[in-house]
Amino acid sequence: MQLLSQFLRREQLDEELTDLIATLMVACKEITLKLRQGAISGVLGTTTDVNVQGETQKKLDVISNEILKKYLQGHMTVAGLASEEESEPVLANPNGKFLVVFDPLDGSSNIDINVTVGTIFSILEANPAEGYHDEAPYLQNGRKQLAAGYVLYGPSALLVLTTGNGVNMFTLSETGDFLLTREKVMIPEETQEFAINMSNYRHWEPAMRTYIDDLLEGVDGVRGKNYNMRWVAAMVAEIHRILTRGGIFIYPWDTRVPQKPGKLRLMYEGNPMSMLIEQAGGLATNCYSNIMDVEPQDIHERVSVALGSKAEVATLLEYHQRIDSIIDNKH
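Reading the values: the criteria
- Residues numbered from 1 in each chain as written.
- Predicted model: local features only at pLDDT ≥ 70, side-chain atom pairs only at ≥ 80, totals over all residues.
- Heavy atoms only, no water.
- Helix = DSSP H or I, 4+ residues; strand = E, 2+ residues; numbered from the N terminus.
- Rg over C-alpha atoms; globule rule 2.2 N^0.38 Å.
- Buried < 20%, exposed > 50% of the residue type's maximum accessible area, 1.4 Å probe, protein only.
- Contact = heavy atoms within 4.5 Å.
- Areas by Shrake-Rupley, 256 points an atom, 1.4 Å probe, with all protein chains shown as cover.
- Lys, Arg positive; Asp, Glu negative; His and termini not counted.
- Charge placed at Lys NZ, Arg CZ, Asp CG, Glu CD.
- Salt bridge = Lys/Arg side-chain N within 4 Å of Asp/Glu carboxyl O.
- Pairing = 2+ DSSP bridges.
- Axes fitted to C-alpha atoms, helices over the stretch in contact; angles between N-to-C directions.
- Phe/Tyr/Trp six-rings, centres within 6.5 Å; stacked < 30°, edge-to-face > 60°.
- Expected span 1.5 Å × (residues − 1).
- Parallel < 35°, antiparallel > 145°, perpendicular 65-115°, else oblique.
- Nonpolar A, V, L, I, M, F, W, Y, C, P; charged D, E, K, R; others polar.

### Points about the overall build of the protein chain
Part 1 of the argument: Looking only at helices and strands, one finds 7 helices and 17 strands in the protein chain.
Part 2 of the argument: The C-alpha radius of gyration computed for the protein chain amounts to 20 Å, which stays within 12% of the reference 20 Å derived for 331 residues, consistent with globular compactness.
Part 3 of the argument: Taking all 331 residues of the protein chain together, 57% fall into the buried category.
Part 4 of the argument: Contacts in the protein chain between residues far apart in sequence, at least 24 positions, make up 64% of those at least 6 positions apart.
Part 5 of the argument: Counting only carbon and sulfur atoms, one obtains 49% of the accessible surface of the protein chain, whose full area is about 14,100 Å².
Part 6 of the argument: Counting 29 positive and 44 negative side-chain charges, the protein chain places the centres of these two groups 5 Å from one another.

Spelled out as structure tokens, the structure:
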């Protein structure tokens, strides 16, 4: 099997980008060890702190964030970094070529019950002329990502990576190396599997409720086939399932906090996952248009997501266009 380092050389990437990805993986290996120790090392449970998102931080949220900061701030190619757990971007090396944006531990509500979590990352090009003392250099749309991926901490630790030339999967071996185990991943265009938090049904837009109603009617309804529902409450796990066997993952806008366009974060979750999905032949949207075309206005901006198997996501878009049109005509 091919080592990650060998694969990156084969892809003929910029040597500094290759080195940065390798450094990210060193950090993720350290996070893997912390997770595997669990209660033995006292890393479970919550802190008394609240992050910029208004969420109570898990101990491992903080630990994972500090591990990534330690490695990235010390890397000469990194001009700055932005984390879901930090209120402001963090300056690293002003002469660096790259900006790194990350969610240090996605799905952290699952930590204490030993269910899958992961680290999501996105690498952007830095522009020294802009400086790195505010958010502006980071506010790039998803099309400008140089690389994106996640490390899934499950029964095995997996790196899922794209550098703009397809999606590849690597498994962490006993020797501490990430080995290429699946190459050029493609998502099936059709699916009979969806993932959504049904407890929020009453808060959704009419188009989303109608779409889900039709899925639930199965073979007896207008869709003419039965669907299975999955929900892990960790985006990394949901996306990994889609990349492995297809499906659609949806976290739509709802009326609970109507001024926010969604629950998930555009820069830390929406953009990197959308790059992976599109590189694997899928479709990634905010229920109306492609996520990676959204021009971010804030480093912690939220976004709705509906992504996965191309034909199914396209059908969801049709529901929104059709039903919104009917509602508009009534008014």
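### Overview of the pattern of salt bridges
Part 1 of the argument: For the structure shown, the criterion picks out 17 salt bridges.
Part 2 of the argument: A salt bridge links Asp14 to Lys97; its shortest N-O distance comes to 2.7 Å. Here the residue Asp14 occupies a position in the loop between α1 (4-10) and α2 (15-37), and Lys97 occupies one in the loop between β4 (90-91) and β5 (98-106), the gap between them amounting to 83 residues.
Part 3 of the argument: Where Glu193 meets Arg230, a salt bridge forms, and the shortest distance between an N and an O atom there is 3.6 Å. In this pair, Glu193 is assigned in strand β11 (residues 193-195) and Arg230 in strand β12 (residues 228-230), connecting sequence segments 37 residues apart.
Part 4 of the argument: The class for Glu193 is buried, based on a relative accessible area of 10%.
Part 5 of the argument: For Arg230, a relative accessible area of 32% gives the class partly exposed.
Part 6 of the argument: Taken together, the shared-partner salt bridges in this structure form one network comprising Glu193, Arg230, Glu238, Arg241 and Arg245.

### With respect to the sheet that holds β12
Part 1 of the argument: Strand order in the open sheet formed by 5 strands is β12-β11-β13-β17-β15, and the pairing between neighbours is mixed. Looking at strand neighbours, the two that pair on one side only are β12 and β15 (283-285), the edges of this open sheet. Averaged over all pairs of adjacent strands, the angle between their axes in this sheet comes to 15°, without regard to strand direction.
Part 2 of the argument: In this sheet, β12 lies alongside β11 in parallel orientation, the contact comprising 3 bridges. Residue pairing in the sheet places Phe194 in a bridge with Met229 of β12.
Part 3 of the argument: Contacts from helix α4 (residues 206-216) reach β11 and β13 (248-251), with the element oriented near 145° to β13.
Part 4 of the argument: The sheet strands contacting helix α6 (residues 266-279) are β15 and β17 (305-308), and the helix crosses β15 at an angle near 150°.

### What to know about the packing of aromatic side chains
Part 1 of the argument: Scanning the entire structure with this criterion turns up 6 aromatic pairs.
Part 2 of the argument: A ring pair is formed by Phe7 and Phe170, whose centres lie 5.2 Å apart and whose planes are at 70°; its orientation type is edge-to-face. With Phe7 in helix α1 and Phe170 in strand β9 (residues 167-172), the pair connects residues that are 163 residues apart, well separated along the chain.
Part 3 of the argument: Residue Phe170 is classed as buried on the basis of its relative accessible area of 0%.
Part 4 of the argument: Ring centres of Tyr211 and Tyr319 lie 5.3 Å apart, and the angle between their planes is 80°; on these two criteria the pair is classed as edge-to-face. With a gap of 108 residues between them, Tyr211 in helix α4 and Tyr319 in helix α7 (residues 310-330) connect regions that are remote in the sequence.

### Comments concerning the sheet that holds strand β3 (residues 78-83)
Part 1 of the argument: Spatial strand order, β4-β3-β5-β6-β7-β8-β9-β10: 8 strands in an open sheet with mixed pairing. Each edge of the open sheet is held by one strand with a lone partner, namely β4 and β10 (178-182).
Part 2 of the argument: On the sheet, helix α3 (residues 59-73) packs against β3, β4, β5 and β6 (117-125) and is oriented at approximately 160° with respect to β5.
Part 3 of the argument: Each of β5, β6, β7 (147-153), β8 (157-162), β9 and β10 is contacted by helix α5 (residues 235-245), which is oriented at about 105° to β7, the strand it contacts most.

### Some points on α3
Part 1 of the argument: In this model, α3 (15 residues) spans 21 Å end to end at C-alpha, consistent with the 21 Å of a helix rising 1.5 Å per residue.
Part 2 of the argument: Turning to α3, its buried residues are Leu60, Asp61, Ser64, Asn65, Ile67, Leu68, Lys69 and Leu72.

### Quick notes on the packing of α5 against α6
Part 1 of the argument: At a closest axis distance of 11 Å, the pairing of α5 and α6 adopts a crossing angle of 10°. On the basis of the axis angle, α5 is roughly parallel to α6. Taking contact as the criterion, the partners of Met235, Val236, Ile239, Ile242 and Leu243 in α5 are, on α6, Glu269, Met273, Leu276 and Ile277.
Part 2 of the argument: Looking at the contact of α5 with α6, its residues break down into 8 nonpolar, no polar and 1 charged.

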